[in-house]
Each structure stands twice: as structure tokens, then as C-alpha cells.
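Descriptive structure summary
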Amino acid sequence: MRKQSFSAVVIGASAGGIEALNVLFSGLQSTFPVPVFVVKHIDAEADDSIVRYLDKSSCLPVTFADDQEPVENGHIYLAPPGYHMLIEEDCSISLCVDRKVTYSRPSVDVLFESAAEAYGSHLIGVVLTGANRDGSAGARLIKQQGGIVLVQDPATAEHEVMPKATLADTDVDGVMALPALAARLNELTGQ
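Remarks on the overall build of the protein
Across its full length, the protein holds six helices and nine strands. For 191 residues, the compact-globule estimate of 2.2 N^0.38 gives 16 Å, and the C-alpha radius of gyration of the protein, at 15 Å, lies within 12% of that figure. Taken over the C-alpha atoms alone, the protein extends approximately 45 × 35 × 30 Å along its principal axes. Pairs at least 24 residues apart make up 71% of the contacts formed inside the protein by residues separated by at least 6 positions. With the model as given, the accessible surface of the protein reaches about 8,300 Å², and the carbon-plus-sulfur share is 48%. Across the protein, the mean location of the 13 positive side-chain charges is 5 Å away from that of the 25 negative side-chain charges.

What follows is the structure, encoded as C-alpha cells:
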């Protein structure tokens with residue numbers, strides 16, 4: 001059986017997500033070989049303090065994504081405040097201000113669904129702590145396209161609604177605490 005190869009990681013987080021992302025990013029290897037796209041529900045008026053904070057704990061560069069920005073491996077792209085982040089067919093980033101999805105812009109489902117279409121079976125989706133269902137529909141599409149989905153153990157999440165919603169809707173590939181999630185991402189991408 002051929003080993004599955006992966007070309008990108010998408011991560012969704014909401015309430016409690018800054019600390020969860022901090023732990024997750026600090027566990028990724030400096031040689032992490034694929035881009036990481038992240039939606040963290042943040043206020044539309046937020047400044048760049050989240051990026052500066054997460055960049056300090058990560059071996060990988062963390063920035064807000066720019067529209068049509070060339071994607072680099074080993075880089076973490078956060079959806080900027082007030083914008084949905086989508087992955088286009090050519091795997092480039094696009095940003096838009098379309099209506100909110102699951103009360104959110106940026107929306108985890110918007111990112112996950114567009115990335116699932118772009119990357120197909122070469123995508124890893126990760127759902128972290130959060131207080132709404134955003135991400136569950138996108139995680140289901142990632143699985144339908146042949147990718148894999150990992151979920152933070154709800155017992156370790158600051159808010160368990162988001163991981164539990166994904167577990168209820170999708171046959172996921174792993175449920176684990178944050179340090180184990182980081183280790184699994186390193187393993188899946190050949191680290």
C-alpha cells in the first residue's frame with residue numbers, strides 16, 4: 001500500500017484557540033515541509049498582536065495572509081481579521097468579505113472546503129477548541145476528498161463544542177491532545 005503524501009495543513013480554532021495554536025505551533029519542526037493555513041475566529045478590528053504572539057513560539061514564520069500571495073512551504077498563514085481565506089484551484093490564497101458563515105468571518109468551513117477542493121487527498125485538516133460548529137462541514141468534505149482529519153481531544157479543549165461537532169459529523173483519523181497533534185503532523189509530513 002502506497003503511503004499517502006500531504007501538500008498542506010488547514011487548522012480551525014475559535015474560543016481558546018490562541019493558546020491552543022501556541023502549543024501546536026511550538027511543536028512543529030523547523031523543517032516542516034508544507035504550508036499551514038489557519039482560521040482563528042478574531043474580531044474584525046483586531047490588530048496584529050495574535051501574529052506577533054504566535055510567531056514567537058513557532059520555528060516557522062507566522063503572518064497574516066495577503067490576497068494572491070505566493071504560498072511558501074514551511075510558512076503559517078493566518079486569515080486576517082474580517083476576511084475569509086480561500087485556497088484557489090492553483091493552491092494560491094484569496095481573501096474575500098463575503099457574508100459570514102456560522103456567524104464568522106473568517107470561517108473555518110470556508111477555508112476547509114476550498115482547500116479540500118484544491119488539495120484533495122493531499123490535505124490534512126485539524127479542528128481545535130471552539131464554541132460553535134464552524135469546521136464540521138469542512139472537515140466532512142476533507143474526508144470525502146480523501147484527506148485526513150485530526151481533532152483536539154474535547155477533554156483537553158478550553159471549549160469543546162467545535163471538536164465535538166466535528167466528531168459527531170465526521171469519521172476522523174485521530175483525536176488527541178495538542179502535543180500529540182503536533183507530533184502527528186510532523187510524522188504525517190515526513191518529519
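Section: the pattern of salt bridges
One pass over the full model with this rule turns up six salt bridges. Among the salt bridges present, the one from arginine 133 reaches aspartate 169, with a minimum N-O distance of 2.5 Å. Here arginine 133, found in the loop between strand E7 (123-127) and helix H4 (136-144), pairs with aspartate 169, found in helix H5 (residues 161-169); they are 36 residues apart in sequence, far enough to count as distant. For arginine 133, a relative accessible area of 43% corresponds to the partly exposed category.

Focus on the pairing of strand E8 (residues 148-152)
Within E8, five of the five residues are buried, which leaves the element mostly enclosed by the surrounding structure. Burial along E8 is two-sided: Ile148, Leu150 and Gln152 and Val149 and Val151, pointing in opposite directions, are all buried. With four bridges joining them, E7 and E8 adopt parallel strand pairing. The residue bridging valine 127 from the neighbouring strand is valine 151, located in E8.

Structural notes on the packing of aromatic side chains
With the rule as written, the count across this model stands at two aromatic pairs. Between phenylalanine 37 and tyrosine 77, the aromatic rings sit 5.7 Å apart at their centres with planes inclined by 20 degrees, giving stacked as the arrangement. A residue pair is termed long-range when its members are at least 10 positions apart, and phenylalanine 37 in strand E2 (residues 36-40) and tyrosine 77 in strand E4 (residues 76-78) qualify at 40 residues. For phenylalanine 37, a relative accessible area of 0% gives the class buried. Geometrically, the ring pair formed by phenylalanine 37 and tyrosine 119 is tilted, given 6.5 Å between the ring centres and 40 degrees between the ring planes. Here phenylalanine 37, found in strand E2, pairs with tyrosine 119, found in helix H3 (residues 108-119); they are 82 residues apart in sequence, far enough to count as distant. Of the residues examined, tyrosine 119 reaches a relative accessible area of 10% and is grouped as buried. A network of ring pairs unites the aromatic residues Phe37, Tyr77 and Tyr119 as a single cluster.

Re the pairing of strand E6 (residues 93-96)
Residues Ile93 and Leu95 line one face of E6 and the alternating positions Ser94 and Cys96 line the opposite face, and both faces are buried. In this sheet, E6 lies alongside strand E5 (residues 84-87) in antiparallel orientation, the contact comprising four bridges. Residue pairing for E6: methionine 85 is matched across the bridge by leucine 95.

Things to note about the nonpolar core
If you look at the biggest cluster of nonpolar residues, it comprises 33 residues, and the most contacted ones within it are Ile11, Phe25 and Leu128. Ranked by the residues each element gives to this core, the list is headed by helix H6 (residues 178-188), at five residues. Beyond its immediate sequence surroundings of up to four residues, isoleucine 11 is in contact with Leu21, Leu24, Phe25, Val36, Phe37, Val38, Val39, Leu111, Phe112, Val126 and Leu128. Grouped together as the second largest cluster of nonpolar side chains are 26 residues, Tyr77, Ala79, Phe112 and Tyr119 included.

Regarding the packing of helix H1 (residues 17-26) against helix H2 (residues 49-57)
Between H1 and H2, the least distance of the axes is 8 Å, while the angle of their chain directions is 30 degrees. Considering the angle they form, H1 stands roughly parallel to H2. Between H1 and H2 lies a crossing whose hand is right-handed. Across from Ile18, Glu19, Leu21, Asn22, Phe25 and Ser26 in H1, the residues of H2 making contact are Ile50, Tyr53, Leu54 and Ser57. A class-by-class count of the residues in the contact of H1 with H2 yields six nonpolar, three polar and one charged.

What counts, and at which threshold
Residues numbered from 1 in each chain as written. Predicted model: local features only at pLDDT ≥ 70, side-chain atom pairs only at ≥ 80, totals over all residues. Heavy atoms only, no water. Helix = DSSP H or I, 4+ residues; strand = E, 2+ residues; numbered from the N terminus. Rg over C-alpha atoms; globule rule 2.2 N^0.38 Å. Contact = heavy atoms within 4.5 Å. Areas by Shrake-Rupley, 256 points an atom, 1.4 Å probe, with all protein chains shown as cover. Lys, Arg positive; Asp, Glu negative; His and termini not counted. Charge placed at Lys NZ, Arg CZ, Asp CG, Glu CD. Salt bridge = Lys/Arg side-chain N within 4 Å of Asp/Glu carboxyl O. Buried < 20%, exposed > 50% of the residue type's maximum accessible area, 1.4 Å probe, protein only. Pairing = 2+ DSSP bridges. Phe/Tyr/Trp six-rings, centres within 6.5 Å; stacked < 30°, edge-to-face > 60°. Core = buried A, V, L, I, M, F, W, Y, C linked by side-chain atoms within 4.5 Å. Axes fitted to C-alpha atoms, helices over the stretch in contact; angles between N-to-C directions. Parallel < 35°, antiparallel > 145°, perpendicular 65-115°, else oblique. Left-handed = near helix turned anticlockwise from the far one by under 90°. Nonpolar A, V, L, I, M, F, W, Y, C, P; charged D, E, K, R; others polar.

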